[in-house]
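# Coordinate analysis (summary)
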Amino acid sequence: SAVMLAQSPDGDYLLPTHSVGSFTGWQPIPRPQGIAWESWQSRELRVTADALSEPGVFNPGGFPDLPRSRAAVPLFGFDRQVVAVLGVTRDEAGGFSSEELKVFRLIGEVVSSALERVEATAQLMRQLHESQVMLNTVKTIAGNSFDTIWADLLRATVDLVPKVQAGSIFVREIDRYV
């Protein structure tokens, strides 16, 4: 089984975002319980050889049929901050070989690299959009009449400010408002 865990908006829980196998229907994991939080905070792979006998394993219902072996690896974003934890389980105790743990760590590094690239690309796309809006604004100011400049500046402002969908500009001229 495998699960992707991300931090809740308030930072108090790890929430399953995607899962396969026995992780379906998992509950949020409160800070600082479980190896997923240990992995998040230490920024390293964490492994539990036997979840039934090791302290610190998150088991909210006290279920005796937990997956016995667990591993969690942090995933990093653009700024090298942890953005998620990837967790895997096996039903038997001592279920992961050293080779499998190396592969799991490598998967974490590859996914982190992909996340970094996606975030970097998104940042470059935002910067490109901002530059295009600014260029269009300069072209508009240079080539249009004064009456259309305000409308074009307003459109550019709305495009540049995140989550803004509309705006107004009030300009005082000598004896009237436009």
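Residues numbered from 1 in each chain as written. Predicted model: local features only at pLDDT ≥ 70, side-chain atom pairs only at ≥ 80, totals over all residues. Heavy atoms only, no water.

### What to know about the nonpolar core
Counting 13 residues, the largest nonpolar core has Leu5, Leu14, Ile29, Ala36, Trp37, Trp40 and Val85 as its most contacted members. Contributing elements (two or more residues each) for this core: β1 (2-7), α1 (34-42), β5 (69-76) and β6 (82-90). Residues contacting Val85, with those up to four places away along its chain left out, are Val3, Met4, Leu5, Ala36, Ser39, Trp40, Ala72, Val73 and Pro74. Ala71, Leu75, Phe96 and Leu101 belong to the second largest nonpolar core, which has 10 residues in total. (Core = buried A, V, L, I, M, F, W, Y, C linked by side-chain atoms within 4.5 Å. Buried < 20%, exposed > 50% of the residue type's maximum accessible area, 1.4 Å probe, protein only. Helix = DSSP H or I, 4+ residues; strand = E, 2+ residues; numbered from the N terminus. Contact = heavy atoms within 4.5 Å.)

### Here we look at the environment of Asp10
In this structure, Asp10 sits in the loop between β1 and β2 (13-20). Here the side chain of Asp10 touches Ser8 through a polar contact of 2.5 Å, side chain to side chain. Here Asp12 takes part through its backbone nitrogen, which lies 2.9 Å from a polar atom of the side chain of Asp10. (Polar contact = N/O pair within 3.5 Å; in protein donor to acceptor, adjacent residues only side chain to side chain.)

### A short note on the pairing of β5
Across the 8 residues of β5, 8 count as buried, placing the element largely inside the fold. Residues Ser69, Ala71, Val73 and Leu75 of β5 are buried on one face, and the alternating residues Arg70, Ala72, Pro74 and Phe76, pointing to the opposite face, are buried as well. As judged from the 3 bridges shared by strand β4 (residues 46-48) and β5, these two strands associate in the antiparallel manner. What sits directly across from Val47, in β5, is Ala71. With 8 bridges joining them, β5 and β6 adopt antiparallel strand pairing. Residue pairing for β6: Arg70 is matched across the bridge by Thr89. (Pairing = 2+ DSSP bridges.)

### A closer look at the pattern of salt bridges
Here the structure, examined in full by the defined rule, presents 4 salt bridges. Residue Arg46 is joined to Glu38 by a salt bridge in which the shortest nitrogen-to-oxygen separation is 4.0 Å. Among the residues examined, Glu38 registers a relative accessible area of 34% and is labelled partly exposed. When the shortest N-O distance is used, the salt bridge between Arg80 and Glu116 registers 2.4 Å. Placement of Arg80 in the loop between β5 and β6 and of Glu116 in helix α2 (residues 98-143) is noted, with a sequence separation of 36 residues between them. In this structure Glu116 comes out as partly exposed when scored by relative accessible area, which is 21%. One salt-bridge network, held together by shared partners, links Glu38, Glu44 and Arg46. (Salt bridge = Lys/Arg side-chain N within 4 Å of Asp/Glu carboxyl O.)

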